[in-house]
Amino acid sequence: MNLFIIPSGPSPKITSPDPKDPRMNARITPAPAQGELDAFWMPFTANRQFKGNPRLLARAEGMHYWTDDGRQVIDAVAGLWCVNAGHGRREITEAVAQQLGTMEYAPAFQMGHPIAFELANRLVGIAPPGMDRVFFTNSGSESVDTALKIAIAYHRARGQGQRTRLIGRERGYHGVGFGGMSVGGMVNNRKLFSGALLPSVDHLPHTLDLGHNAFSRGLPHWGMHLANELERLVALHDASNIAAVIVEPIAGSAGVLLPPVGYLKRLREICDKHDILLIFDEVITGFGRIGKPFAAQAFEVTPDLMTTAKGLTNGAIPMGAVFSQRKIYDAFMQGPESAIELFHGYTYSAHPAACAAALATLGIYQREQLLTRAAALSSEWQEAVHSMRGAPHVIDIRNYGLIGAVELEPRAGKPGARAFDVFLKCFERGVMVRVTGDTIALSPPLIIESAQIAQIVETLAGAIRDTA
Ligand SMILES: Cc1ncc(COP(=O)(O)O)c(C=O)c1O
């Protein structure tokens, strides 16, 4: 079927954007008619609900999307926490186009291409101390599964092959691979697959406690002791069996859960004491989201492995990267030089177009000083999001860097319904937020200006007020 031909017959959503508009994407497809929405099995979506009332985005620039029917919508979530430099960055488009014109693909198994090495070197330049080895993947999920495998293989390379147990955290999100799902702690993501999850996994308690910490500004002060639960798990399983602990420095997808002051440092200490690797999943916090290139630097806690994706290419081309401490890489560099040290990798690891996108993205971050801009905006942002305190049903507000969350009291027997209605109202009123359970999450592009912060907060507050 040719999607460029507008189908005849009744269809509420069909419009034809003007393809001569220079701001339009190169290829605009008219909004599909109802029956044409069926083939795409949409991820993490209520497919039937969506297809009954679709919300279609047709183009994007700067802080905004435009819907298929030409409405401007401000992006309060950087796409899906990834478009940190804002939309439609020409430098990225041109770098990708140029790379595709020069060499669209090259394998990274037993072969190399210069741009991959250039990118790894550039990334090491902004990484926390000692994290000077980079393994490329194509997504956050792949980065997580890669890091977990590296952790297990690292211990084996040092003669401690029994260290296979992984420790995650309740309400953690580490993507949808079997490894990430197993160490993750979101029940809906796990329950269908419960018998197929990795067997040697345990979980720390999550760090959200409204009783002690509701409406904290920045990091909550209560709860550092929750890190000591790791000692309890060590006592239960014995350190000699534990490979790694993985946590998000700030848990994003489960509704923005902040680490209490001192919590991450305490985890680091306990891991060091027992020779357990600490993995930070920085898929959301990486690339400037909280005012430093990585949360490891913002919180002054250096992990052994760090998983990233999202902001790495500004969302333009899928790519992920696992950063590793040198000691881990070095542990693999033994045996005959002709031996492959790690039997792991992806056809598209270090894909040239993704490398080009990432290099162009890093160039923008550096020129516009975006990796530290969230720190400059964070107090204005904090005041703005906390101004929603007192709106009906608001039971908590959380913030750090350019992350915000408003937690609503769930409707009786209908968890998530109230926040979803708020999300829909915001979208109708020109603001795209993210909803997870009864939490509204905000994570705008790092180019956001004051007036746009005000617009987002006013619209969200209004939508909350108008939702029963
Ligand atoms: C912390 C974290 N880890 C992993 C992932 C998975 O990334 P992806 O969807 O690119 O596989 C996400 C996605 O939101 C994430 O937030």
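First things first, this report covers the structure right here in the doc.

Thresholds applied
Residues numbered from 1 in each chain as written. Predicted model: local features only at pLDDT ≥ 70, side-chain atom pairs only at ≥ 80, totals over all residues. Heavy atoms only, no water. Helix = DSSP H or I, 4+ residues; strand = E, 2+ residues; numbered from the N terminus. Rg over C-alpha atoms; globule rule 2.2 N^0.38 Å. Contact = heavy atoms within 4.5 Å. Areas by Shrake-Rupley, 256 points an atom, 1.4 Å probe, with all protein chains shown as cover. Lys, Arg positive; Asp, Glu negative; His and termini not counted. Charge placed at Lys NZ, Arg CZ, Asp CG, Glu CD. Pairing = 2+ DSSP bridges. Axes fitted to C-alpha atoms, helices over the stretch in contact; angles between N-to-C directions. Near = heavy atom within 4 Å. Polar contact = N/O pair within 3.5 Å; in protein donor to acceptor, adjacent residues only side chain to side chain. Nonpolar A, V, L, I, M, F, W, Y, C, P; charged D, E, K, R; others polar.

**Let's talk about the overall build of the protein chain**
Logical step 1: Per the secondary structure count, the protein chain includes 16 helices and 15 strands.
Logical step 2: Taken against the 2.2 N^0.38 rule, which gives 23 Å for 468 residues, the C-alpha radius of gyration of the protein chain at 22 Å falls within 12% of a compact globule.
Logical step 3: When the backbone C-alpha atoms are referred to their principal axes, the protein chain occupies close to 70 × 60 × 45 Å.
Logical step 4: In the protein chain, the proportion of contacts linking residues at least 24 apart, taken out of those at least 6 apart, comes to 72%.
Logical step 5: When the accessible surface of the protein chain is totalled, it reaches about 20500 Å², and 54% of it is carbon and sulfur.
Logical step 6: Counting 44 positive and 44 negative side-chain charges, the protein chain places the centres of these two groups 3 Å from one another.

**Focus on the sheet that holds strand β14 (residues 434-436)**
Logical step 1: Reading across from one edge, β11-β12-β15-β14 is the order of the four strands in this open sheet, with antiparallel pairing throughout. If you trace the sheet from one side to the other, it starts and ends with β11 (394-400) and β14, each paired once. Sheet twist, expressed as the average angle between the axes of neighbouring strands with direction ignored, equals 20 degrees.
Logical step 2: Pairing of β11 with strand β12 (residues 403-408), which is carried by six bridges, proceeds in the antiparallel orientation. Bridge assignment links Asn399 to a residue of β12, and that residue is Gly404.
Logical step 3: Against the sheet, helix α15 (residues 417-428) contacts β12, β14 and β15 (439-442), and its axis sits at roughly 40 degrees relative to β15.

**Focus: the site of the ligand**
Logical step 1: For the ligand, the full set of nearby residues is Ser139, Gly140, Ser141, Tyr173, His174, Gly175, Glu248, Ser253, Asp281, Val283, Ile284 and Lys310.
Logical step 2: At 2.6 Å from an oxygen atom of the ligand is found a side-chain nitrogen or oxygen belonging to Ser141.
Logical step 3: In this structure, Tyr173 approaches the ligand through a main-chain N or O atom, which is 3.5 Å from a nitrogen atom.
Logical step 4: Contact with the protein chains covers 83% of the free accessible surface of the ligand, which is 390 Å².
Logical step 5: Looking at the shell around the ligand residue by residue, the class counts come to three nonpolar, six polar and three charged.

Read these as layout, nothing more, since geometry by itself doesn't imply function.
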